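# Summary of the model geometry
Listed here are the chains, written in short residue letters.
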Amino acid sequence: MKLYDLPDARGHFGQYGGTFVAETLIQALDELKAQYAKYQHDPEFKAEFESELKHFVGRPSPVYHAKRWSDMLGGAQIYFKREDLNHTGAHKINNCIGQALLAKRLGKPRVIAETGAGQHGVATATIAARYGLECVIYMGSEDIKRQAQNVYRMKLLGASVVPVESGSKTLKDALNEALRDWVTNVDNTFYIIGTVAGPHPYPMMVRDFQSVIGTECLTQMPELAGRQPDAVLACVGGGSNAMGIFYPYISHENTRLIGVEAAGEGIETGKHSASLTVGVPGVLHGNRTYLLQDADGQIIETHSVSAGLDYPGVGPEHAYLKDIGRAEYVSITDDEALKAFHECCRIEGIIPALESSHAIAYATKLAPTMAKDKILLINLSGRGDKDMHTVSQRSGLSFYCHPECEQGRMAAQAAQSATKPLVRQ
Amino acid sequence: MNRINAVFATLKANKKTALIPFITAGDPSLEATLPTMHALAAAGADVIELGVPFSDPMADGPVIQRSSERALAKGMTMRKVLATVAEFRKTNTATPVVLMGYANPIEAMGQAKFVDAAADAGVDGVLVVDYPPEEADDFSELLSARGLAPIFLLAPTSTPARIAHVAKLARGYVYYVSLRGVTGAGNLDVTDVAKNVAAIKATVPVPVGVGFGIRDGATARKVSEVADAVVIGSALVQTMFDAPAAEVAARAGAWLAEVRGALDA
């Protein structure tokens, strides 16, 4: 494969990427580009980034051989890159540290971020607390209802959480609102985008900060498994954990790169978030990429059981890797992801995030079709603690509830059954 | 000669400032747009900016966001916007119409196909918020080839180098975003605007319009002292939304006539 050196100076990955923003933001993006170019290779910046990753996040994260599960499936050996063991519980923190270090050097005292499930919001709030930065998180009001625990975590960490009531009231609208804030407060504010999307230089910069994941694997896999994997798998919403583990492997031609999108309730139902699988190229949130849209170019609402994959676009570099055939993109339904979630808990003693469960689910389909000496490496991008509520609801389970809460629940039930006959009449 | 250039030439000769109202096509109803365009022209609009609604209007404040949501809920599409312009042209061949919106509805149709359809409908200029000059080379060429003006934004944050870049590409007029914020925000600093517009006029050969944050005759009047055109959107959109369904066009016209009066006083 010829040298992979993208994006170009204007942020293009082939026809994707770019800087599709209003004039008001161009100056801020130019400044960011210049500063990132300056610090990217600066020994002091790199040393501080690495030190934070080591002492605050706990890197390197281990690679783990899921031997029991591999044996049960009877095919390829499955390995997990344990991003779930990072401080704050997911890969998101890697990127937040990189961008917050830039914000400090740019002298911006205020950071903003968008969040869907709340993981990027929590990571941003965490690092803002650590560096003493003012922090405002935009979150769709629908997501706020679904992710109450993460909202509370962000507030504990000192962030303001602003509910977004426009559009579909989810991640894409939170991103719109964060962009509006940035346009208004561009002088004192740094926008920490959480994924490999948005205008140049974000897709490149976020990828670079996240590529620590794959870079560690390049050393860890030969040590643990004796060689590099035959395939690397990761879930893809915006695509930051996938780019983080794929990027260092792009030049390893014998390693397949497999991105797993959310098929939601099934591609055929239209209730999914599989932009690369069935989307069409267009322009949204500052870049050209595959989008879920209607025939008139309006962005459509998406669905996934995992809020972190519930996004109508995808990072432009994934769009490019798909078109040139370097990476493959497949999809997994809500039910398949939930099944993998439960199996991972019971067989390996690891509670994975629902997002990561999509990648695991595909690996459990792929492994039995491969020989036992083949190796699959999955990016276990986050832990599932945040998903307890969603999973218990879907499974019809109820968990231990302390006495006061139990009283409240009983009262609510009683009130509900009292009104029921009226509703039925 | 493009209708936009003709209008600005006449205004210059008469030492008048252009008044450019913005409305969202399809809001408050699909039927209201055409009569409102005629009413605005009759009330003294020199150019009409017609907003093409988009699901994710990132540069707009709450008033125009809601307006876009309503228009989409009524079923407005790019094709219907163009059909409305074609209908308008049947009786009005003088008032320039500029489409303002976001890239994706154009991308979905295909840039070349869109430009042909817009030219055929009688559109005079196109302002795409998220096509800044660095991403607009091909699109600007397509527009110019059909005699349509690519209209660009400039902002308080635009550097002299960027102003020079836009000066080369801009046709029709440039739209100076008068504040750091979204449409309809209320923190317009006229002194600041005057300073920046003067700098832009020294470089840019086409007229300079000022918008974002102009809400009434008084601010329009103040801004007109430095600008070649004033663009007024959110306040008008709100007026139309507040009007009874049967009176939308009449109220829009009456409201604009008042601004026109203040501007010419």
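Residues numbered from 1 in each chain as written. Chains lettered and ligands numbered in written order. Predicted model: local features only at pLDDT ≥ 70, side-chain atom pairs only at ≥ 80, totals over all residues. Heavy atoms only, no water.

A few words now on the sheet that holds strand β5 (residues 149-150) of chain B. Strands in a sheet are paired, the pairing made by backbone hydrogen bonds, and the direction either parallel or antiparallel. Residue and element names in this part refer to chain B. Taken together, the nine strands give an open sheet; going across it, the order is β5-β4-β3-β2-β1-β9-β8-β7-β6, and neighbouring strands pair in parallel fashion. Every other strand in the sheet has two partners, leaving β5 and β6 (153-154) as the edge strands with one partner each. The pairing of strand β8 (residues 208-211) with strand β9 (residues 229-232) spans two bridges and is classified as parallel. Following the sheet pairing, Val210 is matched in β9 by Val230. In the packing of helix α11 (residues 234-242) onto the sheet, the strands contacted are β1 (18-24) and β9, and the crossing angle to β1 comes to about 50°. (Pairing = 2+ DSSP bridges. Helix = DSSP H or I, 4+ residues; strand = E, 2+ residues; numbered from the N terminus. Contact = heavy atoms within 4.5 Å. Axes fitted to C-alpha atoms, helices over the stretch in contact; angles between N-to-C directions.)

On to the interface of chain B and chain A, then. Counting from both sides, the interface comprises 38 residues of chain B and, opposite them, 36 residues of chain A. Summed over both sides, the interface of chain B with chain A buries roughly 2,900 Å², with 48% coming from carbon and sulfur. A per-residue breakdown of the area chain B buries against chain A is headed by Met58(B), Glu135(B) and Arg180(B), which together make up 21% of the total. Its salt-bridge partner being Arg162(B), residue Glu23(A) comes within 2.8 Å of it at the nearest N-O pair. In this structure, the connection of chain B to chain A is made through 19 residue pairs in polar contact (both at pLDDT 80 or more). Residue assignment for the side of chain B that touches chain A shows that the elements contributing at least two residues are α3 (62-73), α5 (103-109) and β6 of chain B. Of the residues contributing to the side of chain B that touches chain A, the split by class is 18 nonpolar, nine polar and eleven charged. (Buried area = accessible area lost by both parts, 1.4 Å probe. Salt bridge = Lys/Arg side-chain N within 4 Å of Asp/Glu carboxyl O. Polar contact = N/O pair within 3.5 Å; in protein donor to acceptor, adjacent residues only side chain to side chain. Nonpolar A, V, L, I, M, F, W, Y, C, P; charged D, E, K, R; others polar.)

A few words on helix α7 (residues 148-156) of chain A. An α-helical turn contains 3.6 residues, so any two residues separated by three or four positions project in the same direction. Residue and element names in this part refer to chain A. Where α7 is concerned, the buried positions are Asn150, Val151 and Met154. The buried side chains of α7 occupy one side of the element, clustering within an arc of 105° when seen end-on. In α7, the exposed positions that point more than 90 degrees away from the buried face belong to Gln149, Tyr152 and Leu156. Each element contacted by the buried residues of α7 is listed here: β5 (110-115), α5 (119-131), β6 (134-140), α6 (141-146) and β7 (160-164). (Buried < 20%, exposed > 50% of the residue type's maximum accessible area, 1.4 Å probe, protein only. Arc of directions from axis to C-beta.)

Below, the discussion takes up unusual backbone geometry. The omega torsion across Arg59(A) and Pro60(A) is -5°, close enough to zero to call that bond cis. For Pro60(A), the location among the structural elements is in the loop between α2 (43-57) and β3 (63-65). In the segment running from Asp27(B) into Pro28(B), the intervening peptide bond is cis, with an omega of 0°. With respect to the secondary-structure elements, Pro28(B) resides in the loop between β1 and α2 (33-42).

If you look at the biggest cluster of nonpolar residues, it comprises 192 residues, and the most contacted ones within it are Leu99(B) and Phe114(B). Excluding residues that lie within four positions of it along the chain, Leu99(B) makes contacts with Leu50(B), Val52(B), Val81(B), Leu82(B), Val85(B), Phe114(B), Val123(B), Gly125(B), Val126(B) and Leu127(B). With 30 residues, the next largest nonpolar core counts Ala231(A), Cys344(A), Ala361(A) and Leu376(A) among its residues. (Core = buried A, V, L, I, M, F, W, Y, C linked by side-chain atoms within 4.5 Å.)

Right, let's get into the environment of Ala274(A). Residue and element names in this part refer to chain A. Note that Ala274 resides in the loop between β10 (256-264) and α12 (275-278). Residues Ala274 and Asp335 lie 61 residues apart in sequence; the distance between their C-alpha atoms is 15 Å. Apart from the residues within four sequence positions on either side, Ala274 is in contact with Glu261, Ala262, Ile267, Gly279, Leu292 and Ser331.

Quick look at the confidence of the model for chain A now. Per-residue confidence for chain A gives a mean pLDDT of 93; residues scoring 70 or more make up 95%. Here residues 420-425 of chain A is a poorly scored stretch, pLDDT under 50, and it has zero contacts once near neighbours within four places are set aside; other chains count. (pLDDT = per-residue confidence, 0-100.)

Pairing between side chains of opposite charge can happen when their charged atoms approach one another. Residues and elements named next belong to chain A. Tallied over the entire structure, the rule returns 41 salt bridges over all chains. Notably, a salt bridge pairs Arg59 with Glu216, separated by 2.8 Å at the nearest N-O pair. Taken together, the residues span a long stretch of sequence, with Arg59 in the loop between α2 and β3 and Glu216 in helix α10 (residues 212-225) at a distance of 157 residues. Just as Arg59 is buried, Glu216 falls in that class too. Residue Arg207 pairs with Asp208 through a salt bridge whose shortest N-O separation is 3.1 Å. Since its relative accessible area comes to 3%, Arg207 is described here as buried. In the salt-bridge network here, residues are joined through shared partners; they are Arg59, Lys81, Glu83 and Glu216.

Right, let's get into the packing of aromatic side chains. Applying the stated criterion to the full structure yields 17 aromatic pairs over all chains. Here the aromatic rings of Phe114(B) and Phe139(B) are separated by 6.2 Å at their centres, their planes lie at 25°, and the arrangement is stacked. Residue Phe114(B) is located in helix α6 (residues 111-121), and its partner Phe139(B) is located in helix α7 (residues 137-145); the two are separated by 25 residues in the primary sequence. Grouping residues by exposure puts Phe114(B) and Phe139(B) together as buried. Connected via pairs of aromatic rings, a cluster forms that spans Tyr36(A), Tyr39(A), Phe45(A), Phe49(A) and Phe209(A). The ring of Phe56(A) carries the charged tip of Arg130(A) above its face, separated from the ring centre by 5.2 Å. The ring of Tyr290(A) has Lys322(A) sitting right over it, with the charged end atom 5.5 Å from the ring centre. (Phe/Tyr/Trp six-rings, centres within 6.5 Å; stacked < 30°, edge-to-face > 60°. Lys NZ or Arg CZ within 6 Å of the ring centre and 35° of its normal.)

So, on to the pairing of strand β4 (residues 125-128) of chain B. All names here are of chain B. Going residue by residue along β4, you find Gly125 and Leu127 tucked away on one face and Val126 and Val128 tucked away on the opposite face as well. As defined by bridge partners, strand β3 (residues 97-101) adjoins β4 across four bridges and the pair is classed as parallel. Within β4, the residue paired with Val98 across the bridge is Gly125. The handedness of the β4 to β5 crossover, carried by α7, is right-handed. (Right-handed = clockwise from strand over helix to strand, strands pointing away.)

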